[in-house]
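Observations on the three-dimensional arrangement
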Amino acid sequence: MKSTRKALPNLSAAFCALALAACAGSGAGGSRAVATLKPTQGNKASGTVTFVQNGSEVRVTAEIAGLSPGPHGFHVHEKGDCSAADGTSAGGHFNPSGKAHGHPEHGDHHAGDLPMLVADASGVARLSAASSALAVGAGEGNVVGRSVIVHAGVDDFKSQPAGNSGPRVACGVIAAG
Ligand SMILES: [Cu+2]
């Protein structure tokens, strides 16, 4: 057991040498970003969405409360601006590659298209999803400086440009950290 303990720092150093981006990012906050969502006017939804770079993918983890039970459209929007009372200041979906809106797991879709949040009977939704279209800190899909929007209704993943998911009930700017 003693030799295992001694070997650990060396292993860790070797790992960092092989995975420079991940290790460098942990200090500068380049590999992780967070959005704190606040309700838009007349709504109660709030929570936290975290983005963590994991190799070529980003792990998106969300916990949102104060929702009506059932599915809700959930997207990264283009502008990091939640100043409007109805959240429209966040602009349209984040779509750096100029694709049509669609389901994030098949066919064409915006980089910002995420799986729907599904709130339970108490209005709480939890989601963990991986996206290869998003990135944290650099690249075309960089989410830092964008925003996260939760919608009142269902995203049909078909209607253009935003899946007809209704008003914006929560908004949060995505910041590194
Ligand atoms: Cu949206």
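Residues numbered from 1 in each chain as written. Predicted model: local features only at pLDDT ≥ 70, side-chain atom pairs only at ≥ 80, totals over all residues.

Quick notes on the confidence of the model for the chain
Here the chain averages 87 in pLDDT, and 83% of its residues register 70 or above. Across residues 1–30 the pLDDT falls below 50, and counting only partners more than four positions away or on other chains, this stretch makes 14 contacts in the model. (pLDDT = per-residue confidence, 0-100. Contact = placed C-beta atoms within 7 Å.)

Overview of unusual backbone geometry
Along the chain, Q160 connects to P161 via a cis peptide bond; the corresponding omega equals 0 degrees. If you trace the backbone, P161 turns up in the loop between β8 (147–151) and β9 (168–176). Its identity is not glycine, yet F157 carries a phi of approximately 55 degrees, on the positive side. Among the secondary structure elements, F157 is positioned in the loop between β8 and β9. On the basis of neighbour count, F157 is assigned to the buried category, with 20 C-beta atoms found within 10 Å. For N164, which is not a glycine, the phi torsion comes out positive at approximately 55 degrees. Relative to the assigned elements, N164 resides in the loop between β8 and β9. (Helix = DSSP H or I, 4+ residues; strand = E, 2+ residues; numbered from the N terminus. Buried ≥ 20, exposed ≤ 12 C-beta atoms within 10 Å, placed from the backbone.)

Some words on the nonpolar core
The biggest cluster of nonpolar side chains holds 36 residues, and the ones touching the most others in it are L37, I64 and V150. The dominant element in this core, judged by the number of residues it contributes, is β9, at five residues. (Core = buried A, V, L, I, M, F, W, Y, C linked by C-beta atoms within 7 Å.)

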